[in-house]
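Here is what each chain is made of, one letter per residue.
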Amino acid sequence: MKTRYLTIAIVLVALSCKPKNNSTSNKSITSEISANELLQKTIDAHGGEQLLKDSFIEFKIDKTSFSLQYDTGRANFKQIRQLDSDTHTLSYKYGNIQYFINDSLQSEESYSKRMAEISLFGFLYTFSIPFNLTANDVIISKQANVTIRQKEYYTLDVQFTKIPDLPEDHFLLYIDIDSYEIGYVALQHDLSGSKPQFRRMIQPRKIKGILFQDYILFHANDTITPLEQFYSKFNQSDLKVIRTVKFDSIRVKQKS
């Protein structure tokens, strides 16, 4: 009888030491992913860095048209807006911003350069996440996973080499642990405006292999909430909806 009880006890101990299921085991393995590996998997899930570099992209936000391409890594952006009978064009090419009304180049004194940078470069820079996060000035680290609306996400912390007298940008990317697609972004980005933002990515779809996501933009109801707590405020429905950004008339062409 004692031998029988001993055999049963050994079997129970052995069973208790086995993983409960494969998903638990897989989650334990994936939790060990490094920041660089996580970024690369996210870039691949969004279409791949090389595909973006090889593409010319156009789309509309409301009545404003945007286009972007990267020439040997250098940004070439354009924004076109029709106001009454005039065509207003902003261009950002290799760091140089120019503003045209119809075909007439406007002097820098006639418009706000900062607003031009925000509406064109700032907007398309954040649109280019995660592809543009492999630059030498980018500092990434993997933080603890978080749960947003009952789903678990990786947290990729993105900061930049500090430059004296310039604002410090900071992004937190919340990445789906299964698809490696970005689900949410918290950002403090000088060229996206003075207020920190929280973005909920929606309507994901791939056009010619590149992932496009509309998003709902939120602000905090106060000025003291740390960027790291925006997701928690979102869980508590304690963020203010600002607007929804929808990408329409999307075209992706391979550069010849």
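Keep in mind that what you see is a predicted model, and the values were worked out from it rather than measured. (Residues numbered from 1 in each chain as written. Predicted model: local features only at pLDDT ≥ 70, side-chain atom pairs only at ≥ 80, totals over all residues. Heavy atoms only, no water.)

Time to look at the overall build of the chain. Of the regular secondary structure elements, the chain holds six helices and 14 strands. Of the contacts made within the chain by residues no fewer than 6 positions apart, 48% connect residues no fewer than 24 positions apart. Here the chain has roughly 14900 Å² of accessible surface; of this, 51% comes from carbon and sulfur atoms. (Helix = DSSP H or I, 4+ residues; strand = E, 2+ residues; numbered from the N terminus. Contact = heavy atoms within 4.5 Å. Areas by Shrake-Rupley, 256 points an atom, 1.4 Å probe, with all protein chains shown as cover.)

The next thing to look at is the sheet that holds strand S5 (residues 96–101). Taken in spatial order, the seven strands make up an open sheet running S6-S5-S4-S3-S2-S1-S14, and their pairing is antiparallel. For this open sheet the edge positions go to strand S6 (104–105) and strand S14 (248–254), each flanked by a neighbour on one side alone. In this sheet, strand S2 (residues 64–71) lies alongside strand S1 (residues 55–61) in antiparallel orientation, the contact comprising five bridges. Looking across to S2, one finds that glutamate 58 is bridged to serine 67. (Pairing = 2+ DSSP bridges.)

In the predicted model, the chain carries a mean pLDDT of 87, and 87% of its residues have values of at least 70. Here residues 1–30 scores under 50 on pLDDT; set against residues more than four positions off or in separate chains, the count is five contacts. (pLDDT = per-residue confidence, 0-100.)

Further remarks concern the pattern of salt bridges. Throughout the structure, instances matching the rule amount to seven salt bridges. Put simply, arginine 114 and aspartate 190 hold a salt bridge, and the shortest N to O gap is 3.2 Å. Pair noted here: arginine 114 is in helix H5 (residues 113–127) and aspartate 190 is in the loop between strand S10 (182–188) and strand S11 (197–207), with a separation of 76 residues, a long-range link. Judged by its relative accessible area of 36%, arginine 114 is partly exposed. We note a salt bridge from aspartate 176 to lysine 151, for which the minimum N-O separation is 3.4 Å. With aspartate 176 in strand S9 (residues 170–176) and lysine 151 in strand S8 (residues 151–160), the pair connects residues that are 25 residues apart, well separated along the chain. Taken together, the shared-partner salt bridges in this structure form one network comprising Lys151, Asp176 and Asp178. (Salt bridge = Lys/Arg side-chain N within 4 Å of Asp/Glu carboxyl O. Buried < 20%, exposed > 50% of the residue type's maximum accessible area, 1.4 Å probe, protein only.)

Attention shifts here to the nonpolar core. With 55 residues, the main nonpolar core has Phe59 and Leu173 as its most contacted residues. Judged by nonpolar contacts, the second largest core, of 17 residues, contains Ile148, Tyr153, Tyr184 and Phe198. (Core = buried A, V, L, I, M, F, W, Y, C linked by side-chain atoms within 4.5 Å.)

Turning next to the environment of histidine 46. Inspection of the secondary structure assignment puts histidine 46 in the loop between helix H3 (35–45) and helix H4 (49–53). Looking at histidine 46, the relative accessible area reads 2%, which means it is buried. Along the backbone, histidine 46 and isoleucine 182 are 136 residues apart, and their C-alpha atoms lie at a distance of 8.5 Å. Setting aside residues no more than four positions away along its own chain, histidine 46 makes contact with Pro130, Phe131, Tyr180, Glu181, Ile182, Gly209, Ile210, Leu211 and Gln213. Polar side-chain contacts of histidine 46 include one of 3.1 Å to the backbone nitrogen of isoleucine 182. (Polar contact = N/O pair within 3.5 Å; in protein donor to acceptor, adjacent residues only side chain to side chain.)

Taking strand neighbours across the sheet as the criterion, the seven strands line up as S7-S8-S9-S10-S11-S12-S13 in an open arrangement whose pairing is antiparallel. Since the sheet does not close on itself, it has two edges, and those belong to strand S7 (138–148) and strand S13 (239–245), each with one partner. For this sheet, the mean inter-axis angle between neighbouring strands, taken without regard to orientation, is 25 degrees. Pairing of S11 with strand S12 (residues 210–220) involves eight bridges; the strand directions are antiparallel. Looking across to S12, one finds that phenylalanine 198 is bridged to phenylalanine 218. Across the sheet, H3 lies against S7, S8, S9, S10, S11 and S12, angled at about 80 degrees from S7, the strand it touches most. Taken strand by strand, H5 contacts S8, S9, S11, S12 and S13, and its axis lies near 115 degrees from that of S12. (Axes fitted to C-alpha atoms, helices over the stretch in contact; angles between N-to-C directions.)

This brings us to H3. Here H3 has its buried residues at Ala35, Leu38, Leu39, Thr42, Ile43 and Ala45. Down the axis of H3, the smallest arc covering the buried residues is 160 degrees, so these residues share one side. Directly beyond the C-terminal end of H3, a positive phi value near 130 degrees is found at glycine 47. (Arc of directions from axis to C-beta.)

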